Each structure stands twice: as C-alpha cells, then as structure tokens.
Amino acid sequence: MKLLIGENIRRLRRERNLTQEEVAAHLGISFQAISKWERGDGYPDITMLPTLASYFDVSIEELIGMSEIEKEKKYEDINAAWAANNQSGQHRDNVSLMRKALKAFPNDALLLVQLSTSLEKLDGTEEEKTKYLRESIAVQEQILRYGKDSEVRNATLYNICFAYWKNGERDKALECARQLPNLFKARENALIYFLEGEERRKVAREALTVLAALVEMHTAILAETEEETLHRL
C-alpha cells in the first residue's frame, strides 16, 4: 500500500507558501531531498518524521496519510467482497454492499458500475425485474453525467444501450449506440503503431481474438437478414 508522505509534504508546504529550499533549510538537509520525497522517489528517515510533523503542525499520522491509507484499504476490501459475492451469485448482497459503499465514496464510478451490474442480475417477478432494470439505468445515467474516466464512460454507454433496449426504450438505445466509437477508432488500433516487440504482438493477438468473434457475430446477422429477405420475396 502506497504511503502518502511525499504528497502530504508537498500539500502542506504549498498551503503554507513555503519553498522546498525553506523547508530544507529548517531541517538541515538539501532541497533535492525534499524534491525527491515529493516526487515519491523516496521517504524521509523515520527519525525525521516527528520533526517534519512538528514543523508543519500536524500529527505524524496525518503526515504519513494514515487516514487516506485506511480509506484506500476499506475501498479495496469493498471491491474484493463485491467480486467474491458476484462469483457466488450473491447479487442481492452486492446491491446492499454497493449502496452502503456509495455513502462513503459518493459518485465513485466503479462502485456505481458494480451497483448497476448487480441490480440487473437480481431475480424476482417480472415487475420486480423491471424495477431493478430501471434503477440500473438511473445509476448508469449518473455515471454518464458525472464520470470523467473515458474508459468507464464508454463501457457504461455500451451497457446502457442494452438496458434501454430491454426496457423498451428503442430510440434511447439507438442514440447511445451511435455515440460509441467505431471499430477503427479502438485502443488496439492505435497501440500497434506505438508499441514494439512482444507488447505489440500481444495487442495484435488480443485484437484478432475479439475481431474473430465480431466477424462471426456479424456474419451470422447478415445470413439471418438475407434469409429473412428471401422469405419475403
């Protein structure tokens, strides 16, 4: 787990309008050492932590970033629990887990994705499943409204197409589908120009696996539609 000492030293120094040279002079070390810590290339000696904490008038726990570390650990534990529940089909437990988690981490894109996924996997009457689907759509719309990660947004845009379609909202499904990038503007198509050696081959192999499945799917659709056309003649 990553210690946050360097990030906190930089934050505390800037909040007090101090230069690296000023902090270094007080500690009796070189400013290059401060720069190194702030870049995350190393940590202060443990014996220096009390002096640093006193200088910035914070506790050693705050200087180390213990609350942030504990928060990160909690986040990792939540996601591990979701994965275990998902594996064993405990989707109702996952809905409760994600709703509770989102109170601690509001608008977190991954947690919202996991909530929407779990909602769509819930069993029940047709009326209940429709209710869960609509809630899942609302969650996905929240991701698209507030989410900044482009990969999460594109994945959500793809998933919500099918959610809209299952909910009978054909126009919305088509609208979202048309916003998705085409096959040529995919990540793999760019990476093969910039990578070399085994990395390049790996991307090409993975892309071909996906493309083979897509060719099979689209070929089947073409055959199906051509057969339908022949029946109408």
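The model shown is predicted, which means the values in this text are computed figures rather than measured ones.

Novice: Explain the packing of aromatic side chains here, please?
Specialist: The geometry of an aromatic ring pair is captured by two quantities: the separation of the ring centres and the angle between the planes. Tallied over the entire structure, the rule returns 3 aromatic pairs. Judged by centre distance (5.1 Å) and plane angle (65°), the ring pair of Tyr75 and Phe105 falls under edge-to-face. Placement of Tyr75 in helix H6 (residues 66-87) and of Phe105 in the loop between helix H7 (91-104) and helix H8 (109-120) is noted, with a sequence separation of 30 residues between them. Here Phe105 falls in the buried class, since its relative accessible area comes to 11%.

Novice: Teacher, can you tell me more about the environment of Glu7 here?
Specialist: Here Glu7 shows up in helix H1 (residues 5-15). Taking the C-alpha atoms as reference points, Glu7 and Arg39, separated by 32 residues in sequence, lie 7.8 Å from one another.

Novice: Got a minute to help me understand the pattern of salt bridges in this structure?
Specialist: Close approach of charged atoms lets side chains of opposite charge pair. Within the structure shown, the criterion is met by 13 salt bridges. Close ionic contact of Lys73 with Asp77 constitutes a salt bridge, the shortest N to O distance being 3.0 Å. Of this pair, Lys73 and Asp77 both sit in helix H6, separated by 4 residues, roughly a single helical turn. With relative accessibility at 38%, the residue Lys73 sits in the partly exposed group. A salt bridge links Arg205 to Glu198; its shortest N-O distance comes to 2.7 Å. Assessed through its relative accessible area of 44%, Glu198 is described here as partly exposed. What you see here is one network of salt bridges that share partners, running through Arg11, Glu15 and Arg16.

Novice: Got a minute to help me understand the side chain of Gln140 in this structure?
Specialist: As for its placement among the helices and strands, Gln140 is situated in helix H9 (residues 126-146). Here Gln140 is in contact with Ser116, Glu120, Thr156, Asn159, Ile160 and Ala163, once residues within four sequence places are set aside.

Novice: What is the right way to look at the state of the cysteines in this model?
Specialist: Covalent bonding between the sulfur atoms of two cysteines defines a disulfide. In total, this model carries 0 disulfides according to the counting rule given. Cys161 forms no disulfide, and the closest cysteine sulfur to it belongs to Cys176, at a distance of 5.1 Å. Owing to a relative accessible area of 8%, Cys161 belongs among the buried residues under this scheme. Residue classification places Cys176 among the buried positions, given a relative accessible area of 8%.

Novice: Could you clarify how one ought to interpret unusual backbone geometry in this entry?
Specialist: Across residues other than glycine, the phi torsion is negative in most instances, and most of the peptide bonds are trans. Residues other than glycine seldom take positive phi values, yet Asn17 does so here, at roughly 55°. Looking at the element boundaries, Asn17 is found in the loop between H1 and helix H2 (20-27). Positioned with a positive phi, Asp57 is a non-glycine residue whose angle comes to about 60°. With respect to the helices and strands, the residue Asp57 is situated in the loop between helix H4 (49-56) and helix H5 (60-64).

Cut-offs applied
- Residues numbered from 1 in each chain as written.
- Predicted model: local features only at pLDDT ≥ 70, side-chain atom pairs only at ≥ 80, totals over all residues.
- Heavy atoms only, no water.
- Phe/Tyr/Trp six-rings, centres within 6.5 Å; stacked < 30°, edge-to-face > 60°.
- Helix = DSSP H or I, 4+ residues; strand = E, 2+ residues; numbered from the N terminus.
- Buried < 20%, exposed > 50% of the residue type's maximum accessible area, 1.4 Å probe, protein only.
- Salt bridge = Lys/Arg side-chain N within 4 Å of Asp/Glu carboxyl O.
- Contact = heavy atoms within 4.5 Å.
- Disulfide = S-S within 2.5 Å.

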